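Now for the letters of each chain:
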Amino acid sequence: WRWRHRDGLPRGGTGMIVWRRHEDGCLEVAWRRGDGCLLAALWWACRLECQGDDLQVKVNKLSSTKTQLPYDYYFLKYCKPQKILNSAENLGEVLRGDRIENSVYTFKMREEASCQVGCRHKLDAESAKNFKEKIDDEYRVNMILDNLPVAVIRQRRDGQTKVYEHGFRVGFKGKYSGSQEEKYFIHNHLVFKVMYHKDPETDFARIVGFEVTPNSIAHEYKDWKDQETQLLTCSKNIIQSGTPPQEVEADKEIVFTYDVKFEESDIKWASRWDTYLLMNDDQIHWFSIINSLMIVLFLSGMVAMIMMRTLYRDISNYNQLDTQDEAQEETGWKLVHGDVFRPPLNSSLLCVYVGTGVQILAMTLVTMIFALLGFLSPSNRGGLMTAMVLLWVFMGLFAGYSSARLYKMFKGTEWKKNTLKTAFMFPGILFTLFFVLNALIWGEKSSGAVPFGTMLALMLLWFGISVPLVFVGSYLGFKKAPIEDPVKTNKIPRQIPEQAWYMTPIFSILIGGILPFGAVFIELFFILTSIWLNQFYYIFGFLFIVFVILIITCAEITIVLCYFQLCSEDYYWWWRSYLTAGSSALYLFLYSIFYFFTKLEITKLVSGILYFGYMLIGSYAFFVLTGTIGFYACLWFVRKIYSSVKID
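Residues numbered from 1 in each chain as written. Predicted model: local features only at pLDDT ≥ 70, side-chain atom pairs only at ≥ 80, totals over all residues. Heavy atoms only, no water.

**Brief notes about the environment of Gly-473**
At step 1: Tracing the chain through its elements places Gly-473 in helix 10 (residues 452–479).
At step 2: In this view, Gly-473 contacts Leu-397, Gly-400 and Tyr-401; residues no more than four positions away in its chain are not counted. (Helix = DSSP H or I, 4+ residues; strand = E, 2+ residues; numbered from the N terminus. Contact = heavy atoms within 4.5 Å.)

Printed below as a string of structure tokens:
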């Protein structure tokens, strides 16, 4: 190995790279010179700081749970550095509306500072109006230090454990004593507290916490000397008593200041996210999930037991019908054996939806596996969204293959037309909805609007990777021999007898969606909270268990209702099996309406449209996913039972 000059290390020389893992989980890679002298660490899996090292606070979007419209930090008239530098954001961060930039908040590692002046601004009418609007809508300022988001401490209900609120509010509303007029006040003085964990062997330290206490102070001074200005309202971390808060009004001057405190902590670097991920209602969360799982597992066991016993008796009875007279008197599901594999109406459309469902199922499973392995933790901002988009694109191969296999089973001949539908129908609907919603966000001048370049990149992923992969999958699927039916189909369709009211398609489809929705609705509450109330979601282990339960439940309820349908001599099971499990998406959307009116405080029309637009997209994807699971379960079940009986 030969080391070239970097970060102040000497040029040239030979040596070797050595590595070691520290007790707090950090991996250190260092350069050992030929004479055995350990020069310096070349790379750390976690960032190390020496006393006096420069620390740069980065600013992120302004966010609000009341409007769901993020804005760039510098949309408001905050202090700007001489040159604003954008951090490189991944695809997921851009889609989430993150805009990470540098700021004027800079300080030295383990060197406390007080009353540091950022800048002063005189508000014009528009700037004052923007600040007031953001205070009304309860916007929060998000900052980042060493990849840790800034947080405000608040006590838990038990009063013992501290929990973090993400970001701090832009300001607040209040009244002066003796006055009835409500005024707006801005948080212009920030007290940062940086927690660090010191390496016991060296003088290095790792940042393990980043907290802020926002204050509003109407600063006073004699002479303005930029960052060297001596303020009369604070000195050495002491804010002068009786100092009024900083009011937001046009033509008023605001001085932005900050303090920095450092505190040594026992928290190790590997555990620094634990406080951020601590949930308020963790006991309720765990109890509810376990309770839900127990109920669903019990119901699934009962359903499976009933089905196995009933089917075993049916198959035994049918196989004992030896004479022609007995065969003519047979009733139940065996009677429709000549029609049960008759291709349905709109069979091509069914193939398209089944293929898309396989694509969503494969994407979801692989994403969850990556999340379980820790690759998509909240510290990796935008990682989950990026993974989902990329996996969706690459899973087009499975969509094309499964769609073509089913299409060939239905004896279809226009496989290219079917492939085009598979490649464009579902993504086209999603992209159209997304484009309309993005136009609304763009109209509000929000940073949540996806830039044109990113939209172009998404289009390239779709047309450049996903569509060709769908065609490759379709070619491979159509090339294989068709799936043979276990029984022959009659040329003339059998007449279906009149059905009881509880066996009508609408009733049985709506009933079928209740159980799958019941398997996920408690977890759904926490997922919606993480999306719309700006909370972290990280319990991917439980989510995976719930997802497996959802698959089992969709399969079992569809098989049961399909069995009852065939017993009543109704052989139109193809689409009904898809819609039976897929109807759980209707309950999901209805629950999202309930959640909107009971948990959210959204008042703006655009924000409401965005909420229901995105929930419609989510419900549509859930419909395609669950419908596909139900369809394949029913297809396996029907093929299994009709291949188990003797058909003359």
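**Considering the nonpolar core**
Burial of nonpolar side chains together is a common tendency in soluble globular proteins.
At step 1: Grouped together as the largest cluster of nonpolar side chains are 99 residues, with contacts concentrated most on Trp-333, Leu-566, Trp-573, Trp-574, Val-638 and Tyr-642.
At step 2: It is helix 16 (residues 605–642) that contributes the most residues to this core, 15 residues altogether.
At step 3: The contact partners of Tyr-642, leaving out residues within four places of it in the chain, are Trp-333, Lys-334, Val-336, His-337, Val-340, Phe-341, Pro-486, Val-487 and Leu-566. (Core = buried A, V, L, I, M, F, W, Y, C linked by side-chain atoms within 4.5 Å. Buried < 20%, exposed > 50% of the residue type's maximum accessible area, 1.4 Å probe, protein only.)

**Re the pattern of salt bridges**
At step 1: Evaluation of the coordinates by the stated rule reveals 20 salt bridges.
At step 2: Across the salt bridge formed by Glu-93 and Arg-381, the nearest N and O atoms sit 3.3 Å from each other. Placement of the pair is Glu-93 in helix 1 (residues 91–96) and Arg-381 in the loop between helix 6 (347–372) and helix 7 (383–394), with a sequence separation of 288 residues.
At step 3: A relative accessible area of 6% places Glu-93 in the buried class.
At step 4: Judged by its relative accessible area of 18%, Arg-381 falls in the buried class. (Salt bridge = Lys/Arg side-chain N within 4 Å of Asp/Glu carboxyl O.)

**A few points about the confidence of the model for the protein**
At step 1: Looking at the protein as a whole, its pLDDT mean stands at 83, while 85% of the residues score no less than 70.
At step 2: Model confidence for the protein, summarised as mean pLDDT per element, is weakest for strand 3 (residues 38–44) at 44 and strongest for helix 15 (residues 584–599) at 95.
At step 3: Contacts from residues 35–45, a stretch scored under 50 in pLDDT, to residues over four places away or in other chains number 32 contacts. (pLDDT = per-residue confidence, 0-100.)

**Topic: the packing of aromatic side chains**
At step 1: Within this structure, the stated rule accounts for 52 aromatic pairs.
At step 2: With centroids separated by 6.3 Å and ring planes inclined at 75°, the aromatic side chains of Phe-107 and Phe-262 adopt a geometry described as edge-to-face. Linking Phe-107 in strand 5 (residues 101–108) with Phe-262 in strand 18 (residues 253–264), this pair joins segments that are 155 residues apart in sequence.
At step 3: Consider the rings of Trp-574 and Phe-631, whose centres lie 6.1 Å apart with planes at 35°: the pair is tilted. Of this pair, Trp-574 sits in helix 14 (residues 574–582) while Phe-631 is found in helix 16, placing the two residues 57 residues apart along the sequence.
At step 4: Overall, the relative accessible area of 3% leaves Trp-574 in the buried class.
At step 5: In this structure Phe-631 comes out as buried when scored by relative accessible area, which is 0%.
At step 6: Among the aromatic residues, those joined into a cluster by ring pairs are Tyr-353, Trp-392, Phe-426, Trp-575, Tyr-578, Tyr-620 and Phe-623.
At step 7: A cation sits over an aromatic face here: Lys-134 above Tyr-71, 4.3 Å from the ring centre.
At step 8: For the cation-ring pair, Lys-134 lies above Tyr-139, with the distance from its terminal atom to the ring centre recorded as 5.2 Å. (Phe/Tyr/Trp six-rings, centres within 6.5 Å; stacked < 30°, edge-to-face > 60°. Lys NZ or Arg CZ within 6 Å of the ring centre and 35° of its normal.)

**Digging into the state of the cysteines**
At step 1: Per the counting criterion, the structure on display carries 1 disulfide.
At step 2: Between Cys-79 and Cys-119 runs a disulfide, and the two sulfur atoms are separated by 1.9 Å. Taking the torsion about the S-S bond as the criterion, the Cys-79 to Cys-119 disulfide, at about -90°, is left-handed. Here the residue Cys-79 occupies a position in the loop between strand 4 (54–63) and helix 1, and Cys-119 occupies one in strand 6 (residues 113–122), the gap between them amounting to 40 residues.
At step 3: Unpaired in terms of disulfides, Cys-567 finds its nearest cysteine sulfur in Cys-562, a separation of 9.5 Å. (Disulfide = S-S within 2.5 Å.)

**Regarding the pairing of strand 13 (residues 182–186)**
At step 1: Most of strand 13 is tucked away, with 4 of its 5 residues classed as buried.
At step 2: Note that strand 12 (residues 171–175) and strand 13 share 5 bridges and pair antiparallel. When the bridges of strand 13 are listed, Gly-174 appears paired with Lys-183.
At step 3: The loop that links strand 12 with its antiparallel partner strand 13 comprises 6 residues; one of these, Gly-178, has a positive phi angle of about 85°. (Pairing = 2+ DSSP bridges.)

**Some remarks on the packing of helix 11 (residues 505–512) against helix 12 (residues 514–532)**
Angle between the axes and distance between the axes are the two parameters that describe a pair of packed helices.
At step 1: Closest axis-to-axis distance for the helix 11/helix 12 pair is 5 Å, and the angle between their directions is 20°. Our classification of the angle between helix 11 and helix 12 gives roughly parallel. Where helix 11 approaches helix 12, its residues Leu-510, Ile-511 and Gly-512 are matched on the opposing element by Ile-514, Leu-515 and Pro-516.
At step 2: The residue makeup of the contact of helix 11 with helix 12, split by class, is 5 nonpolar, 1 polar and no charged. (Axes fitted to C-alpha atoms, helices over the stretch in contact; angles between N-to-C directions. Parallel < 35°, antiparallel > 145°, perpendicular 65-115°, else oblique. Nonpolar A, V, L, I, M, F, W, Y, C, P; charged D, E, K, R; others polar.)

**Thoughts on the layout of surface pockets**
At step 1: Space inside the second largest pocket adds up to approximately 330 Å³.
At step 2: What lines the second largest pocket is a set of 16 residues, and nearest its centre among them are Met-307, Met-308, Leu-311, Trp-636 and Phe-637.
At step 3: When residues of the lining of the second largest pocket are traced back to their parent elements, those giving at least two are helix 4 (282–319), helix 13 (540–567) and helix 16.
At step 4: It is helix 4 that provides the largest number of residues to the lining of the second largest pocket, a total of 7 residues.
At step 5: Of the residues assigned to the lining of the second largest pocket, the class counts are 13 nonpolar, 1 polar and 2 charged. (1 Å grid on protein atoms, 1.4 Å probe; cavity = no way out; pocket = protein on both sides within 12 Å on 5 of 7 lines; lining within 4 Å. Points joined across faces, edges and corners; volume = space filled by probe spheres on them.)

**Observations regarding empty space enclosed by the protein**
At step 1: Following the criterion strictly, the structure yields 3 cavities of 30 Å³ or more and no others.
At step 2: A volume near 40 Å³ is recorded for the largest cavity.
At step 3: Breaking the lining of the largest cavity down by element, the ones donating at least two residues are helix 13 and helix 14.
At step 4: With 4 residues, helix 13 is the single largest residue contributor to the lining of the largest cavity.

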